[in-house]
Structure formats: C-alpha cells, structure tokens
Amino acid sequence: MNVIFLIARDSIRALLHQRLLIALILVSLAMTVVASILMNFERREINDRFLDSAQTNSSIDKNMSDEDKRRMQESMEQGVSAIEAFFYAAGSFGGSLVSLFIFGTAVSSEIRRGTIRLTLSKPVSRVQYLLGKYLGGVVVMAGYAIIASLAMLLFSASSHVDISPVMKWAPWLMFCRQLMLGSLAMLLSLFMHPAIAGALAFFAGNGFYSISNPLYYLFPSYAPFNVFLKILEGSIMGGHDVVLLTLYAVDFVILMLLLAWWRFQRKEVC
C-alpha cells in the first residue's frame with residue numbers, strides 16, 4: 001500500500017509540473033470565469049426586462065392578476081436556471097478535458113518515453129504502478145472538483161441567486177463522471193494513442209440502456225451524471241438517486257481498472 005501512495009505522490013508532482021495540464025486547468029477556470037461574467041450580465045438583462053415589464057403592466061393595470069404575476073415570476077426563474085445550467089456546463093466540459101488528459105497519458109506517456117522501465121525495475125508490481133497512477137489522477141481531479149464547487153458558490157453569491165436544488169449534487173456527479181471518463185481513457189490508452197483514446201472515451205457514453213438492462217453496467221452511461229437539463233427544468237434529485245449513480249460509477253471504474261490491469265500485464269514495456 002505504501003508503494004501505491006508513493007507512486008501516487010510522484011504522479012501528482014509530475015502532473016503539477018506539466019505545462020499542458022496547467023494550461024488546460026487554467027483555460028477551464030477561465031471558461032468558468034467568462035461564463036460567470038456573461039451569465040451575470042445576462043441575469044441583469046433578465047432582471048431589467050422583468051422590472052420593465054412589471055412597471056409597464058403596473059401602469060396599464062395596477063390590479064395585475066395573480067396569474068400574470070406567477071407567469072412573470074416563472075419566466076424570471078427559468079432565466080436564472082438557464083444561467084446556472086450554462087455555468088455548470090462550462091465547468092463540466094473543462095473538467096472532462098482535464099480528466100481525459102490526466103488519465104489518458106498517466107501510463108501511456110511513461111511507456112512511450114521508456115521511463116516506466118526504471119520504476120518497474122524496482123520492487124514495484126504492475127498493479128501497484130497502475131493503481132498509484134490512477135490514485136494520483138483522482139487526487140488532482142478532486143482538487144479540480146473542489147475549485148469548481150467553490151466557483152459555483154461564489155457565482156451564486158455574486159449573482160444573488162438561489163442555487164437550484166440539483167446544483168448541490170452537481171460537483172459530486174461531475175466528479176464521478178470525470179473518473180468514469182478517466183478510467184475508460186486509461187484503458188483505451190493501453191491499446192492506442194492517448195488522443196484517440198480520449199476522443200473515444202468522451203463519445204463512448206450510451207443513452208440506450210436503462211438501469212434494468214445488464215448492459216447498463218458494462219458500458220459507460222454519462223447522461224445520468226449530466227444535470228444540465230435537470231437544472232433547466234428545475235427538477236429535484238434525491239439522495240437515493242445520487243447513491244445509485246455513485247455505485248454505478250464505482251462499478252464502472254472498478255471494471256475499467258480490472259481490464260486495464262489485464263491489458264497492462266500483457267503489454268510489452270521493457
């Protein structure tokens with residue numbers, strides 16, 4: 001176990017020294033900031049239109065019906081939901097790119113450079129190496145998820161809007177989805193170039209299998225983890241749903257790691 005932690009620590013250190021990864025993270029955060037600014041501007045526009053409409057209706061009919069007021073309020077809430085949804089989408093997409101880069105190159109880049117030979121020449125098994133690399137990527141992605149969560153809270157506070165009920169689960173579900181993406185990218189990178197592996201992992205998600213279908217647990221299904229539409233619709237997601245999705249993500253990640261270990265054991269690296 002200590003060997004796995006040592007490899008994970010070295011992996012984290014190496015990742016934080018990769019300029020391309022740092023650039024991806026900065027670009028992702030910049031996308032989030034830009035989305036925040038644009039959405040804030042849009043929120044003010046919605047507020048202004050709402051107030052103008054209210055004043056116009058008030059001047060025409062001071063006794064505006066409750067139904068009209070309800071419709072105006074619903075319109076305002078839909079606008080705010082759209083702002084939150086697009087803000088979430090920006091952070092989620094950026095995190096997916098970071099995850100694909102981290103896990104897609106974690107092992108394959110070491111094999112291409114030949115540096116893996118030095119590590120495996122020591123008393124380190126291949127399964128320890130693989131788990132250590134994956135754990136290092138998980139720690140970095142957890143840091144990204146925390147930053148994304150703080151960004152969402154700051155966005156809500158600066159915009160003076162109430163967070164959608166689904167948004168409180170969004171960072172965790174986003175983190176689970178990114179680990180699924182990463183585990184599949186790591187597996188595929190042991191068969192092909194990391195760029196192709198990342199693209200295939202990203203577009204491999206299916207939307208054809210229900211939870212009652214056994215194939216649901218064998219193929220990636222990213223759609224349930226994407227709460228974009230739920231935020232737009234104002235849907236409510238319970239803790240039970242989140243637990244089931246978490247178990248599905250754990251099941252999928254374990255399966256991908258087992259397949260990656262099987263492939264790694266048979267791959268010529270020395």
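Residues numbered from 1 in each chain as written. Predicted model: local features only at pLDDT ≥ 70, side-chain atom pairs only at ≥ 80, totals over all residues. Heavy atoms only, no water.

**A few points about the overall build of the protein chain**
For step 1, the next point in the chain: On a plain count of helices and strands, the protein chain comes out with ten helices and zero strands.
For step 2, the next point in the chain: With 270 residues in all, the protein chain has 43% of them scored as buried.
For step 3, the next point in the chain: With the model as given, the accessible surface of the protein chain reaches about 14500 Å², and the carbon-plus-sulfur share is 66%. (Helix = DSSP H or I, 4+ residues; strand = E, 2+ residues; numbered from the N terminus. Buried < 20%, exposed > 50% of the residue type's maximum accessible area, 1.4 Å probe, protein only. Areas by Shrake-Rupley, 256 points an atom, 1.4 Å probe, with all protein chains shown as cover.)

**Some points on the packing of aromatic side chains**
For step 1, the next point in the chain: Counting across every chain of the model gives six aromatic pairs.
For step 2, the next point in the chain: Here the aromatic rings of F202 and F203 are separated by 5.0 Å at their centres, their planes lie at 85 degrees, and the arrangement is edge-to-face.
For step 3, the next point in the chain: Pairwise contacts between aromatic rings join F93, F202 and F203 into one cluster.
For step 4, the next point in the chain: Above the face of the F191 ring, R263 is positioned so that its terminal group lies 4.6 Å from the ring centre. (Phe/Tyr/Trp six-rings, centres within 6.5 Å; stacked < 30°, edge-to-face > 60°. Lys NZ or Arg CZ within 6 Å of the ring centre and 35° of its normal.)

**Looking at the confidence of the model for the protein chain**
For step 1, the next point in the chain: With 69% of its residues at a pLDDT of at least 70, the protein chain reaches an overall mean of 77.
For step 2, the next point in the chain: Mean pLDDT across the secondary structure elements of the protein chain bottoms out at helix α2 (residues 19-60), with 64, and peaks at helix α7 (residues 170-189), with 91.
For step 3, the next point in the chain: Segment residues 59-63 is flagged for pLDDT under 50; beyond a separation of four residues in sequence, or across chains, it makes one contact in the model. (pLDDT = per-residue confidence, 0-100. Contact = heavy atoms within 4.5 Å.)

**Examining the packing of α7 against helix α10 (residues 239-266)**
For step 1, the next point in the chain: Closest axis-to-axis distance for the α7/α10 pair is 9 Å, and the angle between their directions is 15 degrees. Relative to α10, the element α7 is oriented roughly parallel. Where α7 crosses over α10, the handedness of that crossing is left-handed. Counting all contacts with α7, which are made through W172, L173, C176, L179, M180, S183, L184, M186 and L187, the residues of α10 involved are V242, L245, T246, Y248, A249, F252, V253, M256, L257, L259 and A260. (Axes fitted to C-alpha atoms, helices over the stretch in contact; angles between N-to-C directions. Parallel < 35°, antiparallel > 145°, perpendicular 65-115°, else oblique. Left-handed = near helix turned anticlockwise from the far one by under 90°.)

**Structural notes on the environment of A30**
For step 1, the next point in the chain: Topologically, A30 is positioned in helix α2.
For step 2, the next point in the chain: Sequence-wise, A30 and G94 are 64 residues apart; in three dimensions their C-alpha atoms are separated by 9.4 Å.

**As for the nonpolar core**
For step 1, the next point in the chain: V107 and F264 are the most contacted members of the largest nonpolar core, which totals 62 residues.
For step 2, the next point in the chain: Going through the elements one at a time, α1 (2-16), α2, α3 (66-106), α5 (116-120), α6 (126-159), α7, α8 (194-203) and α10 are the ones with two or more residues in this core.
For step 3, the next point in the chain: With sequence-adjacent residues up to four places away left out, V107 is seen in contact with Y129, L130, K133, M186, L190 and F264. (Core = buried A, V, L, I, M, F, W, Y, C linked by side-chain atoms within 4.5 Å.)

**Notes on α8**
For step 1, the next point in the chain: Along α8, the residues that are buried comprise P194, A197, G198 and A201. Angular distribution of buried residues about the axis of α8 spans 100 degrees; they occupy a single face of the element. Exposed and oriented more than 90 degrees from the buried face of α8 are A195 and F203. (Arc of directions from axis to C-beta.)

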